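Summary of the model geometry
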Amino acid sequence: MISSKILVSFVISTHNRRDVLLNTLQQLNRCGLAADSFETFVVDNASHDSTAEAVGRWFPNIRVFVQQENLGPVAKNIGIDHALGRYVVFLDDDSFPQPGSIRRMIQHFESDARLGAAVFNITLPDGSQECSAYPNVFIGCGTGFRRRALQQVGGLPTDFFMAAEEYDLSLRLLAAGWEVRRFEDLYVTHLKTSGTRFPERITELDVRNNLLLIARHFPRPWALSYAADWSYRYYLIAASKGHLLPWLRGMSGGAWAAMRTKARRPLDLRTFEKFSKIQETRRRLQEVQQRFGLNRILLLDFGKNMLAYYLAAKTCGLEIVAVADAKLGSPGRRYRDIPLIKDGAASRMKWDAAIVSNLSPVHAAQRYSSWLAQTDRPVIDLFAGRDASEQLNPRMLAA
């Protein structure tokens, strides 16, 4: 290959999912690029199902890096180090771009010199979608990067193994002045293969790595508040799955790793605001409050950015009657001084408007649509890109 012709380098890490990986590699031949304009690297995390041999047999032009131990998804760093493409695309071994998306990705990069990461829409086999809890955080099974941006800030954090590694790299990109943005016209199919997923280990690593992330990157005025919020949210998630012991191990491991970390690189407050949207949430909520004369609100979802919505409501002098969460709500549970309840109980309470308290574009849209169908009162997603008047329930307008 002539390196100057290579536009895109696909990087995939895998562990004991040979057949799934072979299907993904076959799908990449349909990515829409000429064969000599892209390359693919597979990092084999100590598979014992003949993964490397099968790739060599069926795809001799693909380079495989065989590891002696399982390094997790952060093993993609090995592929990054060898990539020649102008753009690097992260995929899981069971995810692949839809035809035309890679060319559109390149166009987005070419039209915005500060775009560091282009995040794809991720579609699951049942037609549902997944994305990060924050709009400025990429998702590892489908994101393109400007290779120059990766070279500047470094790759995935090697001490994370998996879980929250996308957050760490995203925050470093934002801190360096790069944009991380999700695009509606970029599509990846994620088969979500369950073969080597270990739910209890994921719970432990989620807790551990998010605590380490906060210690490493969050400004001191915010670190403790977010650590408390996220730990409690992960506790409720763990309790719903029967994973309290993994949660405890994650808390212990996260506290220990946070105390030992020597790589503290706290974001400046401007960059942290770009990520957390604390002031932006307050400003948008204040506009809605003034426009509709709100006094009492219901928050929809105990999202990862709940703190921003809580503080915004308190600053605006709004009463939060409850937080409605279909999965985590339960009688007797509270978020700070507010009841955390199921949707049914929340729908019977007195409130002026329901505010979607989730920054995840996919989950926020789901909650908005769900509540719009069950109430005639205003349902508002502050970050949906719609004018507030467009979010009033049509049944309310008809009345």
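Look a little higher up for the structure.
Here we summarise the structure given alongside this text. (Residues numbered from 1 in each chain as written. Predicted model: local features only at pLDDT ≥ 70, side-chain atom pairs only at ≥ 80, totals over all residues. Heavy atoms only, no water.)

A word on the state of the cysteines. Among covalent bonds in proteins, the disulfide is the one between the sulfur atoms of two cysteines. Summed over the entire model, instances satisfying the criterion amount to zero disulfides. Free cysteine: Cys131, not disulfide-bonded; nearest cysteine sulfur from Cys141 at 10 Å. Given a relative accessible area of 14%, Cys131 falls into the buried group. (Disulfide = S-S within 2.5 Å. Buried < 20%, exposed > 50% of the residue type's maximum accessible area, 1.4 Å probe, protein only.)

Time to look at the packing of helix H6 (residues 165–175) against helix H10 (residues 269–276). Where H6 meets H10, the axes come as close as 10 Å, and the angle between the chain directions of the two elements is 130 degrees. Between H6 and H10, the angle is such that the two are oblique. Helix-helix and strand crossings are classified by hand; for H6 and H10 the assignment is right-handed. In this structure, H6 contributes Tyr167, Leu171, Leu174 and Ala175 to the contact, and H10 contributes Thr271, Lys274 and Phe275. Here the residues of the contact of H6 with H10 are counted per class, giving five nonpolar, one polar and one charged. (Axes fitted to C-alpha atoms, helices over the stretch in contact; angles between N-to-C directions. Helix = DSSP H or I, 4+ residues; strand = E, 2+ residues; numbered from the N terminus. Parallel < 35°, antiparallel > 145°, perpendicular 65-115°, else oblique. Left-handed = near helix turned anticlockwise from the far one by under 90°. Contact = heavy atoms within 4.5 Å. Nonpolar A, V, L, I, M, F, W, Y, C, P; charged D, E, K, R; others polar.)

Once that is clear, we can look at the pairing of strand S4 (residues 87–91). Counting buried positions along S4 gives five out of five residues, so the element sits mostly inside the fold. Burial of S4 is two-sided: the residues Tyr87, Val89 and Leu91 facing one way and the residues Val88 and Phe90 facing the other way are all buried. Of the strand pairs in this sheet, strand S1 (residues 8–14) and S4 are connected by five bridges, and their pairing is parallel. Bridge pairing links Phe10 to Val89 in S4. In this sheet, strand S8 (residues 142–146) lies alongside S4 in antiparallel orientation, the contact comprising five bridges. Each bridged residue has a counterpart across the sheet, and for Val89 the counterpart in S8 is Gly144. (Pairing = 2+ DSSP bridges.)

Backbone-to-backbone hydrogen bonds join strands into a sheet, with any given pair of strands oriented parallel or antiparallel. Read from one edge to the other, the open sheet built from six strands follows the order S12-S13-S11-S10-S14-S15, with strand pairing classed as mixed. Across the chains shown, the open sheet's two edge strands, defined by having one partner strand only, are strand S12 (334–335) and strand S15 (379–380). Relative to strand S13 (residues 338–341), S12 runs antiparallel, the two being bridged by two bridges. Among the inter-strand pairings, Arg334 is bridged to a residue of S13, identified as Pro339.

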